[in-house]
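# Reading the structure
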Amino acid sequence: RECESFNWDQSDYLSALKGNPQEVGLAHYYKECSEKHQVLPNDGQFKTGYDRGLKIFCTPSYAEKFGHEGGEYVGICSADQEKEILKPYAKGINIFYKNRVAELEREVKALKNRISSLESEKSNLESNLSSCQSNLNRL
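The present account deals with the structure reproduced in this document. (Residues numbered from 1 in each chain as written. Predicted model: local features only at pLDDT ≥ 70, side-chain atom pairs only at ≥ 80, totals over all residues. Heavy atoms only, no water.)

## A look at the side chain of glutamine 22
Following the sequence through the fold, glutamine 22 ends up in helix α2 (residues 22–37). Sequence-distant contacts of glutamine 22, defined by excluding residues within four places in its chain, comprise Asp12, Phe46, Lys47 and Tyr50. (Helix = DSSP H or I, 4+ residues; strand = E, 2+ residues; numbered from the N terminus. Contact = heavy atoms within 4.5 Å.)

## Overview of the packing of aromatic side chains
Where two aromatic rings form a pair, the distance of their centres and the angle of their planes describe that pair. Counting across every chain of the model gives six aromatic pairs. Judged by centre distance (5.6 Å) and plane angle (55°), the ring pair of phenylalanine 57 and tyrosine 62 falls under tilted. Ring pairs connect the aromatic residues Phe57, Tyr62, Phe66, Tyr73 and Tyr89, which therefore count as one cluster. Against the face of tyrosine 13 rests arginine 52, its NZ or CZ located 4.2 Å from the ring centre. (Phe/Tyr/Trp six-rings, centres within 6.5 Å; stacked < 30°, edge-to-face > 60°. Lys NZ or Arg CZ within 6 Å of the ring centre and 35° of its normal.)

## Topic: the nonpolar core
Ranked by internal contacts, the top residues of the largest apolar core, which has 16 residues, are Leu54, Phe57, Tyr73, Ile76, Cys77 and Tyr89. The set of elements that each furnish at least two residues to this core consists of α1 (8–17), α3 (43–57), α4 (60–68) and α5 (79–138). Non-local contacts of cysteine 77, meaning those with residues more than four positions away in its chain, are made with Phe57, Cys58, Glu82 and Ile85. (Core = buried A, V, L, I, M, F, W, Y, C linked by side-chain atoms within 4.5 Å. Buried < 20%, exposed > 50% of the residue type's maximum accessible area, 1.4 Å probe, protein only.)

## Concerning the state of the cysteines
One pass over the structure, following the stated rule, counts one disulfide. Residue pairing for cysteine 58: its cysteine sulfur links by disulfide to cysteine 77, the two sulfurs lying 2.0 Å apart. The chirality of the disulfide connecting cysteine 58 with cysteine 77 is left-handed, given an S-S dihedral of about -90°. You can see cysteine 58 sitting in the loop between α3 and α4 and its partner cysteine 77 sitting in the loop between α4 and α5, a full 19 residues away along the chain. When its relative accessible area of 8% is taken as the criterion, cysteine 77 is described as buried. (Disulfide = S-S within 2.5 Å.)

## Considerations on α4
Residues of α4 that are buried include every one of Tyr62, Ala63, Phe66 and Gly67, and no others. End-on, the buried residues of α4 take up no more than an arc of 135°, which puts them together on one face. One or two residues past the end of α4 sits glycine 70, with phi positive at roughly 90°. (Arc of directions from axis to C-beta.)

These figures come from the coordinates and say nothing about function on their own.
Quick look at the structure:
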């Protein structure tokens, strides 16, 4: 039923906004619907939706936002559009990676603090164990 009532136009529109090549979305639904349920995807609606999504995706502002979110650009825009979007995309992806590095550095610092805390706890436990053993030996 889902394949019969599926919104092909909306699906590929969203696929384009995610930066996917058109074949990715079409191949997925072709396999799911055609091979498993004998329902053919509507290629025309898929193309219409995908083209509509590309009009948004292949703009400088969207490219920067896409990069900032860590999206991987795989060359789905035309050569002319790429001239306009690659610089904003690079700006966005650089911010994404700088933020990711800072996040990982915070995690490393937190882990180092945890290690230090555990080493201190271990030292205290070893000291307590040694003290207990000394007390036992005196008995």
